Amino acid sequence: MSRTSTLPQLFALDSLLDADEIAIRDTVRSFADSRLRPHIGDWFEDAKLPVREIAAELGGLGALGMHLEGYGCPGTSATAYGLACLELEAVDSGIRSLVSVQGSLAMFSIHHWGSEEQKNEWLPRMAAGEAIGCFGLTEPDFGSNPSGMRTQAKRDGDDWVLNGSKMWITNGSVADVAVVWAQTDLADSPSGIRGFVVPTDTPGFSAPEIHKKMSLRASVTSELVFDDVRLPASAMLPKAEGLRGPLTALGEARFGIIFGAIGAARDCLETAIAYAQTREVFDKPLAGYQITQTKIADMALEVGKGHLLAYHLGRLKDRGEITPEQVSTGKLNSTREAIKIARECRTILGANGITLEYPVIRHANNLESVLTYEGTSEVHQLTIGRALTGSAAFR
Ligand SMILES: Cc1cc2nc3c(=O)[nH]c(=O)nc-3n(C[C@H](O)[C@H](O)[C@H](O)COP(=O)(O)OP(=O)(O)OC[C@H]3O[C@@H](n4cnc5c(N)ncnc54)[C@H](O)[C@@H]3O)c2cc1C
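Residues numbered from 1 in each chain as written. Predicted model: local features only at pLDDT ≥ 70, side-chain atom pairs only at ≥ 80, totals over all residues. Heavy atoms only, no water.

### Side note on the overall build of the protein chain
Summing up its helical and strand segments, the protein chain has eleven helices and eleven strands in all. Against the globule reference of 21 Å for 395 residues, the protein chain gives a C-alpha radius of gyration of 21 Å, in line with a compact fold. With respect to the principal axes defined by its C-alpha atoms, the protein chain has extents near 80 × 45 × 40 Å. Residues classed as buried in the protein chain amount to 55% of the 395 residues present. (Helix = DSSP H or I, 4+ residues; strand = E, 2+ residues; numbered from the N terminus. Rg over C-alpha atoms; globule rule 2.2 N^0.38 Å. Buried < 20%, exposed > 50% of the residue type's maximum accessible area, 1.4 Å probe, protein only.)

Laid out in structure tokens, this is it:
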């Protein structure tokens, strides 16, 4: 079923986009509605996303590494990339996660920090969806504070030998290549953390999948284990020094979430409005009660404001002016409002709201992960707090 509503008109949202952006948005929306939406409930319930199939189709659409230049990437505006994330997450956060991790984390890291050899080897295939990438930063004991990571890369002659593990890695078990961040004894400031491009068929690499998730079930999440993984000197990303490497990539992925989470919220609200218009309680449609309309109006304000903030941040990014604090502001606002909206919409659907017949509980559960990954809400509050007070309260 196609998802169109009068919601965007309330804020005249399309008046803020150019013709190319609208065309890209509509193409992704049409693909999402026809190819993904009919299956997503089953993929979520079965916890089985056909990643390779979907990645190849997303690659054909130009949605992987969309705003990167060259090496087979389409080179669109950041705003257009954000709009694609919004439409994909309107179907499911798991699909947008696949695109974010592939394009904004794995491909961006290689594109931004990699050698020509690394870029030529991986980026064209990743843009086409023929090679899947993952990004290993988080460890079992180090999530919000990755500077404490224990995974180590040690020199052995010209080679690097990688030992340790990563946790909660999207696409891990299906990836052809992992961008892995590890401690080294390279002493330059601010730390010896370096990134490595690791083909997943390298001996000593394994990626057991994490099961029993109640959130992002239509997404592969894995542990990465490195047991004496021997890599050539050329595997290191030459231009990334210290935590700036992974944090710059995370900024890219967070940008996509600013748009994406609002897509999930929009889908919940459109579902709730349609449901309220046909569901009769006490002899008339639920939509005709003032309590329902108050809920709908308040949620529409947040969905609209979320779009406006996303579009504004998109313009700043396209002009090369966006700051990490602004990205934190957008990520915090979009995810926090989206999860509130999903829960409120669930009340409108009553008991039907708890089933996968409707997307709302699926979005609500997914948004629990989106609230946590790419920097938790609390970490973004601390980032904003530091910007406003000049005082860092992380420790
Ligand atoms: C489905 C899913 C997919 C993921 N995909 C990836 C991936 O592809 N690659 C990757 O590297 N990681 C990935 N992650 C990991 C994710 O980035 C981390 O879960 C996240 O950074 C939080 O780390 P943590 O879970 O260890 O929580 P913790 O850091 O242990 O935080 C626990 C709680 O403490 C709070 N807290 C932390 N520090 C402070 C502080 N200074 N002050 C106050 N409160 C604080 C947090 O906000 C949170 O509420 C994924 C996670 C999920 C759930």
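### Section: the nonpolar core
Nonpolar side chains tend toward joint burial in soluble globular proteins. Counting 68 residues, the largest nonpolar core has Leu 36, Leu 58 and Trp 181 as the members making the most contacts within it. If one sorts the elements of this core by residue count, helix 5 (residues 93–113) sits on top with ten residues. One finds Ala 276, Ile 296, Ile 339 and Cys 345 within the second-largest nonpolar core, a separate group that totals 30 residues. (Core = buried A, V, L, I, M, F, W, Y, C linked by side-chain atoms within 4.5 Å.)

### Looking at empty space enclosed by the protein
To find the voids left in a structure, one rolls a probe of water-molecule size over its atoms. For the structure on display, the rule yields one cavity of 30 Å³ or more. By volume, the largest cavity is sized at about 30 Å³. As for the largest cavity, its lining consists of Leu 7, Pro 8, Phe 11, Leu 13, Arg 266, Ala 300, Val 303, Gly 304 and His 307. Mapped by element, the contributors of at least two residues to the lining of the largest cavity are helix 1 (7–10) and helix 8 (290–318). In terms of residue count, helix 8 provides more of the lining of the largest cavity than any other element does, four residues in total. (1 Å grid on protein atoms, 1.4 Å probe; cavity = no way out; pocket = protein on both sides within 12 Å on 5 of 7 lines; lining within 4 Å. Points joined across faces, edges and corners; volume = space filled by probe spheres on them.)

### Focus on the site of the ligand
With respect to spatial proximity, 17 residues lie near the ligand, and among them Thr 138, Ser 144, Trp 168, Thr 376 and Glu 378 are the closest. One of the backbone nitrogen or oxygen atoms of Phe 135 is found 2.9 Å away from a nitrogen atom of the ligand. Thr 170 places a side-chain nitrogen or oxygen 2.9 Å from a nitrogen atom of the ligand. Across the complex, the protein chains shield 68% of the 980 Å² of accessible surface that the ligand would expose by itself. Every element with two or more residues in the shell around the ligand is listed here: strand 5 (159–170), helix 10 (360–372) and helix 11 (377–389). When residues in the shell around the ligand are grouped by element, the largest group, three residues, is from strand 5. (Near = heavy atom within 4 Å. Polar contact = N/O pair within 3.5 Å; in protein donor to acceptor, adjacent residues only side chain to side chain. Areas by Shrake-Rupley, 256 points an atom, 1.4 Å probe, with all protein chains shown as cover.)

### With respect to unusual backbone geometry
Phi is positive for Asn 171, close to 70°, though the residue is something other than glycine. Here the phi dihedral of Glu 374 falls at roughly 60°; this positive angle occurs in a residue that is not glycine. Inspection of the secondary structure puts Glu 374 in the loop between helix 10 and helix 11. The buried category is assigned to Glu 374, whose relative accessible area is 10%.

### Digging into the pairing of strand 7 (residues 193–199)
The buried fraction of strand 7 amounts to six of the seven residues, a majority that puts the element mostly inside the structure. With seven bridges joining them, strand 6 (residues 177–183) and strand 7 adopt antiparallel strand pairing. Directly across from Val 177, in strand 7, lies its bridge partner Pro 199. (Pairing = 2+ DSSP bridges.)

### Examining a negative patch on the surface
Taken together, the side chains of Asp 42, Glu 45, Asp 46 and Glu 357 make up a negatively charged region of the molecular surface. Mapped onto the elements of the fold, Glu 357 is located in the loop between helix 9 (324–348) and helix 10. The exposure class of Glu 357 is exposed, given its relative accessible area of 70%. (Patch = residues over 30% accessible without salt bridge, like charges linked within 9 Å, V, L, I, M, F, W, Y side chains within 5 Å. Salt bridge = Lys/Arg side-chain N within 4 Å of Asp/Glu carboxyl O. Lys, Arg positive; Asp, Glu negative; His and termini not counted. Charge placed at Lys NZ, Arg CZ, Asp CG, Glu CD.)

### Here we look at the state of the cysteines
This structure, assessed with the given rule, holds zero disulfides. For Cys 85, which is in no disulfide, the shortest distance to another cysteine sulfur is to Cys 73 and amounts to 14 Å. With a relative accessible area of 0%, Cys 85 lands in the buried category. Cys 268 carries a free sulfur, and the closest cysteine sulfur to it, the one in Cys 345, is 5.3 Å from it. (Disulfide = S-S within 2.5 Å.)

### Overview of the domain arrangement of the protein chain
Here the protein chain is partitioned into domain 1 (7–127), domain 2 (133–241) and domain 3 (245–389). The straight-line distance from the C-alpha centre of domain 1 to that of domain 3 is 19 Å. On the side of domain 3, 39 residues touch domain 1, which itself brings 37 residues to the contact. Summed over both sides, the interface between domain 1 and domain 3 buries roughly 3100 Å², with carbon and sulfur atoms accounting for 65% of that surface. When residues of domain 1 are sorted by the area they lose upon contact with domain 3, Leu 7, Phe 11 and Leu 86 head the list and together hold 19% of the total. Run the count over domain 1 and domain 3 and you get four salt bridges. Taking the shortest distance from any N to any O, the salt bridge between Asp 267 and Arg 37 comes out at 3.1 Å. The interface formed by domain 1 and domain 3 holds 16 residue pairs in polar contact (both at pLDDT 80 or more) in total. Of all the secondary structure elements, the ones that give two or more residues to the side of domain 1 that touches domain 3 are helix 1, helix 2 (19–46), helix 4 (78–91) and helix 5. When residues in the side of domain 1 that touches domain 3 are grouped by element, the largest group, eleven residues, is from helix 4. (Domains from an automatic or database assignment. Contact = heavy atoms within 4.5 Å. Buried area = accessible area lost by both parts, 1.4 Å probe.)

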